[in-house]
Amino acid sequence: MNNSIIVRFAPSPTGPLHIGGARTALFNWLFAKKNNGLCLLRIEDTDKERSKKEYENQIIETLNWLEINPDKEPFKQSLNINKHVEVANKLISNGNAYKCFCTHEELEKEKELCRKKNLPYVYSRKCRDKEESSGIFVVRFKSKATGISQLDDLVQGKIQILNSTIEDFVILRGDATPTYQLSASVDDHLMNITHVIRGDDHKINTFKQVQIFEAMGWHIPKYAHIPLIHSREGKKLSKRDGTATVEDYQKIGILSESLRNYLLRLGWSYKDKEIFSLEESIQLFNLEGIGKSPSKLDIDRILSLNETYIKNFNELKLFSYFTKYINDFKNKIDEDSLNKIKINFGVFKNKAKTLEDIYNNCKFVFDYKKIDIENLINKDEKNLMSLFAEKISQIQYNEHDKIKQVIEVIIDEKKIKYKDFGQPLRLILTGTKFAPSINEIIVCLGIVETKKRLSLYF
RNA sequence: GGUCCCUUCGUCUAUCGGUUAGGACAUGUGGUUUUCAUCCAUAAAAGAGGGGUUCGAUUCCCCUAGGGACCGCCA
């Protein structure tokens, strides 16, 4: 096996897995699998305030749900802090970084001044060549002050930037802990990362991190910055949209297969192909197919894709997804009902876009409420129903065919359309107008239950 | 404000200088149907604007407009 390619997905455990993060993870994983490489998971937990163990677990579980499994145990960044600090010291000793004794107040003043003059702010670099003094200090990297840097991005192409716009960024805080720019660079090096595939929001950071690599004489990985995902309105996805995290989609009963397929096709394409199995994704994925512009999330497309998956899914497997879904997000269904649902699962999954739809479709089996018959059903219909109730009273529990016959006789005798009979009966039996066909309802419920429900009214 | 990036139907996208600009979702219409849905058929729908380059530009270049990202001792 050729392990020459190593990528990583590096979320910070400060919240549940973001939908954009899931896509980044997917692209990394696919790229690694396609190239017989390794995909690693690095938990960037150096922000002690905001990092939570529960989120770390949740992210790992969610990735697992999406079947995006890292090739090694998750790597926790906080465990490597000593090494990051070592590098910072090395950078000081080789003249690429320096101690900065400026206080917050001083920096505030600098910023204030710039604001007044309407100038863009970058740190003045005034500690750069100053004698060391005493007190609390941060360590800053000596960033290039003039000229232009270029990044050959695998997705975005050539990106040039004015070096003067990047300040001497902090690599070690006042409490001697490393910042993101340092930790990420050091870990990418230590983990032998060959390709950094991450969100577009990190693009400018790359110019900082590459400089650390250069100063340390390390081999620089290749970078691919993928465009961000926006909300329908074209804005940044916020928690309020209810569509920002993977969990939001789990809640409404989206299958991991369809979410993964959707994410794959969002910002990436292969000809006109829409449906990709996991194997096909691995086989066909490439960085060249990633578009340059940000894309908007389209819930209708997710739903439609999910519907397609539900239709074509192995029924037994789908049922096991369904029971897990109920278990995680809904009230428990009694065993007898669950069994009825299982036997007639095809009926319920038929009209469903989501697992939640399936749940709602079969709700009448386990959660029946008596309807307001006076207002919902007129007198003629009531007579029909009562006639029907009477005629089936002698029918045995397994004689479904006889019920069919009874119905046919009634509509024939009364010279009515099937619809005129079916709709009130559907309402009585299920409590709703939108339910399966009459036969399916009766089969699902069983004749005993059917009679029982009718007997509530007649 | 500065730096950088992006721009094909409403949405995701195909096209890698010559196409009736294709597909999918959503939408409209018609049909099938035992409600609803499915399903089938069909329609409408796009190259932001302006300059170049070229025999020819959606495609290459420039400008404008619009959108986005970043500008922390967060990651």
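Residues numbered from 1 in each chain as written. Chains lettered and ligands numbered in written order. Predicted model: local features only at pLDDT ≥ 70, side-chain atom pairs only at ≥ 80, totals over all residues. Heavy atoms only, no water.

Enquirer: Could you give me a rundown of the sheet that holds strand β8 (residues 170–172), with the residues and numbers involved?
Expert: Taken in spatial order, the three strands of this open sheet run β4-β5-β8, and their pairing is antiparallel. A strand with exactly one partner marks an edge of an open sheet, and here the two such strands are β4 (97–100) and β8. For this sheet, the mean angle separating the axes of adjacent strands, direction not counted, is 45 degrees. Examined bridge by bridge, β4 and strand β5 (residues 138–141) share four bridges and lie antiparallel to one another. Note that in β5 the partner of C100 across the bridge is V138. (Pairing = 2+ DSSP bridges. Helix = DSSP H or I, 4+ residues; strand = E, 2+ residues; numbered from the N terminus. Axes fitted to C-alpha atoms, helices over the stretch in contact; angles between N-to-C directions.)

Enquirer: Which residues make up the protein's contact with RNA strand B, and what values do they have?
Expert: Around RNA strand B lies a shell of 63 residues, among which R173, K351, Y418, K433 and A435 are the nearest. Of all atoms in RNA strand B that approach within 4 Å of the protein, 70% are sugar or phosphate atoms. One of the backbone N or O atoms of G267 is found 2.5 Å from a phosphate oxygen in RNA strand B. The side chain of K292 places a nitrogen or oxygen atom 3.3 Å from a phosphate oxygen of RNA strand B. When contributions to the surface near RNA strand B are tallied by element, the ones reaching two or more residues are β7 (157–162), α5 (180–190), α6 (203–216), β12 (295–296), α10 (299–312), α19 (418–430) and α20 (438–445). (Near = heavy atom within 4 Å. Polar contact = N/O pair within 3.5 Å; in protein donor to acceptor, adjacent residues only side chain to side chain.)

Enquirer: Summarise the packing of aromatic side chains; cite the residues concerned and give the values.
Expert: Scanning the entire structure with this criterion turns up 15 aromatic pairs. Pairing W268 with F285 gives two aromatic rings, centres 5.6 Å apart and planes at 35 degrees, and the pair type is tilted. Note that W268 is positioned in the loop between α8 (256–265) and α9 (278–284) and F285 in the loop between α9 and β12, a separation of 17 residues in sequence. Across this residue pair, the class does not change: W268 and F285 are buried. Judged by centre distance (6.3 Å) and plane angle (50 degrees), the ring pair of Y457 and F458 falls under tilted. Among the residues examined, Y457 registers a relative accessible area of 16% and is labelled buried. Feature note: the residues F27, W268, F276 and F285 constitute an aromatic cluster, connected by ring pairs. The ring of F276 carries K273 above its face, with NZ or CZ at 5.2 Å from the centroid. (Phe/Tyr/Trp six-rings, centres within 6.5 Å; stacked < 30°, edge-to-face > 60°. Buried < 20%, exposed > 50% of the residue type's maximum accessible area, 1.4 Å probe, protein only. Lys NZ or Arg CZ within 6 Å of the ring centre and 35° of its normal.)

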